[in-house]
Amino acid sequence: MRAGLNSTFRSLQVPNYRLFAGGQLVKLIGVWMMFTAQDWLVLELSDNSPGALGTVTALQFVPVMVLTLWSGRLADRYDKRKLLIWANAAFAVFAIAFAVLVASGVVVLWHVFVFALLLGIANAIETPVRQAFVSELVELRLLPNALALSAATFNVARISGPALAGVLLATVSTPGVFLISTVLAIAPVFTYIRMRTAELHRTDRKNRGGARVIDGLRYVGKRHDLLLPICLMAVIGMIGFNFPVTLAALAKIDFNAGPSSFGLLTTALAIGSLGGALAGTRRRSRPGVYRVIGAALLFGLFEVAVGFAPNFAVAALLLVPTGFFSIYLAQGANHRVQMGVDPEFRGRVMALYVLVFLGTTPIGATLAGWWGEHFGVSSSIWAAGLVSFAAAVGALIWQLRVGGERIQVRVRPRWSVRLVRSTEPESGAVPAARSHAPSSGPSDWETVDGQEGRRVSRSHAEPVAPSRVRI
């Protein structure tokens, strides 16, 4: 058991990563407390309007649409640690001002809108830089574990933050929650300052001043193995991941629940998400494309089920597997992109990933709020699940076509599902049976659907194409 725990948490043996994870955990607990209290405050100020919730969520993510690609360019040109210090300091200042306004009792709805936008600007700069910075904290062999633990840290905070906020909303009131969350939000500034810069795993940046956004977009456009998960997460991130809008409205409007019960719905989702994050901590190689698509299919099915839940208890129960497959999908797509990209493009590619995953939220949140306002909150959830499932089916068809494969189902002598090579891949496409290995990429191991294959030259990678590959 000890060996298993050591394997699960092995990245925490790195001092700089311990500081990073600790600072993120403290900050994110505060952030989730703040967002939970903010959602409740918006419902109070807007007379229970799902549209107002959608507007606040949209304003938080509009800066991601506008600034994220520029932030990725900064990450590829400048010191990521210093960028993170300044971005987190700005977030803390905005959070303090917001908390003081709420505590003074003069806050109105438009104040919440303004600070949602300001906090979103800080996050738009911080998030892609932080995503790319993880690769500098640990050596390459620990990167999958470090990324999985980062996701686990996020979901531990997503469990404890809303649950703690629910208790505090009922005991010390909304202003008290804002003041406590503000104190916690300052933590990363100090942890980044304390890091040992000599122990960071940095690569020499060639042509530091020429890190253009368009070059990163062209790079992704030529890489089918990166383009598919990014496009899949663009749809699901925009439509399927709108729980900050839908869960608050579902609890208060459909189930007539109080603030503590609303926290329980978010906690149920986060418990499943934590399980999904921990499931990936022992991953040592790049996940296969069909594993990512399978997680997307299951996520869509469970989200549909949540939309049809007849009562609060059933909804909370279904949110656990929904949360599991949501983070297992997001983490798998993230790993597939991070572990397949050349280091000099990592900042811009991860910025694009953040853009399609989070930057599309203003569109999705506004649509979810409008749909909930006109057709009911529960229908906005199951409709989002249907769209997510359809996107996963589309990704499966795309991958089968590009890889020249077909699905073969056998019932006898025993039930099995296989991928069978049926035709030659389309011209210029990367065969599905291998992962594209960039010339200066992060590994000299080819992977076959997430499993290590034979060792090949990085600059002359040949396909590893068995006639049949199990899903």
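Along every chain, residues carry numbers that run from 1 in the direction the sequence is written. Totals for whole chains, interfaces and linings use all residues, but because this is a predicted model, local features are given only for residues with pLDDT of at least 70 and pairs of side-chain atoms are given and counted only at 80 or more. Think of the side-chain values as coming from all heavy atoms in the structure, minus any hydrogens and water.

1. Points about a nonpolar patch on the surface
Thinking step 1. Patch rule: a residue counts if its relative accessible area is over 30% and it has no salt bridge; like charges are joined within 9 Å, and nonpolar side chains (Val, Leu, Ile, Met, Phe, Trp, Tyr) within 5 Å. In short, Shrake-Rupley with a 1.4 Å probe defines the accessible areas, and a residue's cover is counted only from the protein chains shown. Salt bridges, as used here, are contacts in which a Lys or Arg side-chain nitrogen is within 4 Å of a carboxyl oxygen on Asp or Glu. Taken together, the side chains of V62, M65, V66, L117, I121 and I363 define a hydrophobic patch exposed on the protein surface, amounting to about 460 Å² of accessible area.
Thinking step 2. In this text, helices come from DSSP runs of H or I with a minimum length of four residues, and strands from runs of E with a minimum of two, each type numbered from the N-terminal end. Of all the secondary structure elements, the ones that give two or more residues to the nonpolar patch are helix 3 (50-77) and helix 5 (109-137).
Thinking step 3. The leading source of residues in the nonpolar patch is helix 3, at three residues.

2. Digging into the packing of helix 2 (residues 15-45) against helix 5
Thinking step 1. Angular values range over 0 to 180 degrees, each being the angle between N-to-C directions of two axes fitted as lines to C-alpha atoms, with helices fitted over their stretch in contact. Closest axis-to-axis distance for the helix 2/helix 5 pair is 12 Å, and the angle between their directions is 160 degrees. For the element pair helix 2 / helix 5, the angle class is roughly antiparallel. With respect to the hand of their crossing, helix 2 and helix 5 are arranged in left-handed fashion. In this structure, helix 2 contributes N16, Y17, F20, Q24, K27, M34, Q38, L41, V42 and L45 to the contact, and helix 5 contributes L109, V112, L119, N123, E126, R130, F133, V134 and L137.
Thinking step 2. Across the contact of helix 2 with helix 5, the residue classes tally to twelve nonpolar, four polar and three charged. Any angle that is under 35 degrees is reported as roughly parallel, and any over 145 degrees as roughly antiparallel; angles of 65 to 115 degrees are reported as roughly perpendicular and all others as oblique. Each helix crossing is assigned a hand: it is left-handed if the near helix lies turned anticlockwise from the far helix by less than a right angle, otherwise right-handed if that turn is clockwise. Any pair of residues with heavy atoms lying within 4.5 Å of one another is described as a contacting pair. Under the grouping applied here, Gly and all other residues not named as nonpolar or charged are polar, the nonpolar ones being Ala, Val, Leu, Ile, Met, Phe, Trp, Tyr, Cys and Pro and the charged ones Asp, Glu, Lys and Arg.

3. Focus: the packing of aromatic side chains
Thinking step 1. Between the rings of Phe, Tyr and Trp (Trp by its six-membered ring), a pair exists once the centres lie within 6.5 Å; its type follows the angle of the planes, with under 30 degrees stacked, over 60 edge-to-face, and the other angles tilted. Counted under the stated rule, the structure contains 17 aromatic pairs.
Thinking step 2. With a centroid separation of 5.3 Å and an interplanar angle of 15 degrees, the aromatic rings of F308 and W382 are classed as stacked. Separated by 74 residues along the polypeptide, F308 in the loop between helix 13 (289-307) and helix 14 (312-338) and W382 in helix 17 (residues 377-403) bring together distant segments of the chain.
Thinking step 3. Take W382: its relative accessible area is 26%, and that puts it in the partly exposed class.
Thinking step 4. Consider the rings of F324 and Y328, whose centres lie 5.8 Å apart with planes at 10 degrees: the pair is stacked. Working definition: with a 1.4 Å probe on protein chains only, accessible area under 20% of the residue-type maximum means buried, over 50% means exposed, and in between means partly exposed.

4. Some points on the pattern of salt bridges
Thinking step 1. Within the structure shown, the criterion is met by five salt bridges.
Thinking step 2. Of the charged contacts in the structure, one is a salt bridge between E126 and R130, with a shortest N-O distance of 2.7 Å. On the criterion of helical spacing, the pair formed by E126 and R130 is a turn pair, its members being four residues apart in helix 5.

5. Things to note about the environment of G120
Thinking step 1. Turning to its location among the elements, G120 is positioned in helix 5.
Thinking step 2. Between the C-alpha atom of G120 and that of A58, which follows or precedes it by 62 residues, the distance is 9.4 Å.
Thinking step 3. If we ignore the near neighbours within four places in the chain, the residues touching G120 are Q60 and P63.

6. Digging into the confidence of the model for the protein
Thinking step 1. The predictor attaches a confidence to each residue, and that confidence, scored 0 to 100, is pLDDT. Per-residue confidence for the protein gives a mean pLDDT of 78, with 80% of residues at or over 70.
Thinking step 2. Scored below 50 in pLDDT, residues 425-471 shows 118 contacts in the model against residues more than four places distant or in partner chains.

7. Some words on helix 8 (residues 187-194)
An α-helical segment advances 3.6 residues per turn. Residues three or four places apart therefore align on the same side.
Thinking step 1. Residues of helix 8 that are buried: A187, P188, V189, T191 and Y192.
Thinking step 2. The elements touched by buried residues of helix 8 are helix 2, helix 4 (80-104), helix 5 and helix 7 (173-185).

8. Details of the side chain of T182
Thinking step 1. By the element assignment, T182 lies in helix 7.
Thinking step 2. Residue classification places T182 among the buried residues on the basis of a relative accessible area of 6%.
Thinking step 3. Each polar contact in these results corresponds to two N or O atoms within 3.5 Å; when the atoms are within protein, one needs to be able to donate a hydrogen and the other to accept it, and residues that are neighboring in sequence are counted only if both atoms are side-chain atoms. One polar contact links the side chain of T182 to the main-chain carbonyl oxygen of A95, over a distance of 3.3 Å.
Thinking step 4. In this structure T182 touches M34, A95, I96 and A99, once residues within four positions along its chain are discounted.

9. Observations concerning the nonpolar core
A general tendency of soluble globular proteins is for nonpolar side chains to be buried together.
Thinking step 1. To form a nonpolar core, buried Ala, Val, Leu, Ile, Met, Phe, Trp, Tyr and Cys residues must be joined to one another through side-chain atoms within 4.5 Å. Ranked by size, the top nonpolar core spans 92 residues in total, and within it L329 and Y353 carry the most contacts.
Thinking step 2. For this core, the element with the most residues is helix 2, which contributes twelve residues.
Thinking step 3. One finds V14, V129, F133 and A146 within the second-largest nonpolar core, a separate group that totals 24 residues.

10. Quick look at helix 5
Thinking step 1. Taking 1.5 Å per residue, 29 residues should reach 42 Å; helix 5 reaches 41 Å between its end C-alpha atoms and fits that length.
Thinking step 2. We define the bend at each residue as the angle formed by axes fitted to the 7 residues ending at it and the 7 residues starting at it. If you look at helix 5, its biggest bend is around 30 degrees, right at Q131. The span expected for a helix works out to 1.5 Å for each residue beyond the first.

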